[in-house]
Amino acid sequence: MLSMKASKILALLANNDPLPLTIKQIAAALEMSERSVGTYLKEVYAYCREQQLEVVNKPGVGILLKTGNRREELLTKLSGETPFYSSEYRVHYIISLLLNNWTTYTISLFADDLSVSKTTVEADLKEAERWFDGFDIKVLKKTGSGICLSGAELDIRRAIAAINRIFYTPQAKPLDRPRDYRLSDETLHRLTGAYRNCNIGYYTELIQRMDRYSRRPLTDIGFESMLEYLIVAQQRIKLGCYMPENFWPNKPNDR
């Protein structure tokens, strides 16, 4: 689901096709700061990749969204009334964004996204902090910057898997199944909805190779847990987040 501000930026770009818009022009048209536009554009780019829409960002020229014959379809998707989000949804939304390294988010940006007051977001953030306490992760609020997380990399990966078990977008269309009997349809749909563009087939093959090498195939539960761990690990590595070298302090000497 796109945030409200990201939807407005995308609609503006779609309506302006085939002409580009600069960040300054977008900010002026939507009465946003240029910094906020830059933040929401990350979400716009991710959405366009998922929907196979081409976005061209030319330095000194501007941003161009090539909608082709899909403009009306896209604008119809983006139109609608301001949605209402429950308290549970808002807390899960805040947790999910913070776990995905959105360090530029502020109370104001969350309030805009969720169509609520800053006071409401502050209350939701306290609920999110209590949830993070269960993983030994702290929420840091930096004046003049944004909200970020502080915690061990393994704890953050555990938290990502936990929130994605309850907060994800179900897939409506049929999915191609990787060839492994241990992966249930329910888990396949959840993983595909929770982790955008993850290559489940690739990680399935890695685990199958490990099974053949060890000659001790994982159980159904073990297989699904390992699959999700690999997906989360790869996403964190793409963000430049690695496990510390001393993670295995009792590692036996190589023989």
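Residues numbered from 1 in each chain as written. Predicted model: local features only at pLDDT ≥ 70, side-chain atom pairs only at ≥ 80, totals over all residues. Heavy atoms only, no water.

Draft legend 1. Quick peek at the nonpolar core. Counting 67 residues, the largest nonpolar core has Ile 9, Leu 10, Leu 99, Phe 110, Phe 132, Tyr 195 and Leu 227 as the members making the most contacts within it. In terms of residue count, the dominant contributor to this core is helix α5 (residues 87–99) (7 residues). If sequence neighbours within four positions are ignored, Tyr 195 has contacts with Ile 160, Ala 161, Asn 164, Glu 228, Ile 231, Val 232 and Gln 235. (Core = buried A, V, L, I, M, F, W, Y, C linked by side-chain atoms within 4.5 Å. Buried < 20%, exposed > 50% of the residue type's maximum accessible area, 1.4 Å probe, protein only. Helix = DSSP H or I, 4+ residues; strand = E, 2+ residues; numbered from the N terminus. Contact = heavy atoms within 4.5 Å.)

Draft legend 2. Layout of empty space enclosed by the protein. Scanning the entire structure with this criterion turns up 1 cavity of 30 Å³ or more. Computed from the structure, the largest cavity encloses a volume of approximately 30 Å³. Around the largest cavity, the lining residues are Leu 53, Arg 70, Glu 73, Leu 74 and Lys 77. Partitioned by chemical class, the residues of the lining of the largest cavity number 2 nonpolar, no polar and 3 charged. (1 Å grid on protein atoms, 1.4 Å probe; cavity = no way out; pocket = protein on both sides within 12 Å on 5 of 7 lines; lining within 4 Å. Points joined across faces, edges and corners; volume = space filled by probe spheres on them. Nonpolar A, V, L, I, M, F, W, Y, C, P; charged D, E, K, R; others polar.)

Draft legend 3. Highlighting α5. Relative to the 18 Å expected for 13 residues at 1.5 Å per residue, α5 spans 19 Å between its end C-alpha atoms, a close match to the ideal helical length. Within α5, 10 of the 13 residues are buried, leaving the element largely enclosed by the surrounding structure. Turning to α5, its buried residues are Arg 90, Val 91, His 92, Tyr 93, Ile 94, Ile 95, Ser 96, Leu 97, Leu 98 and Leu 99. The inward-facing, buried residues of α5 contact α6 (107–114), α7 (118–133), β4 (147–150), α8 (153–164) and α11 (220–238). (Expected span 1.5 Å × (residues − 1).)

Read these as geometric descriptors, not functional statements.
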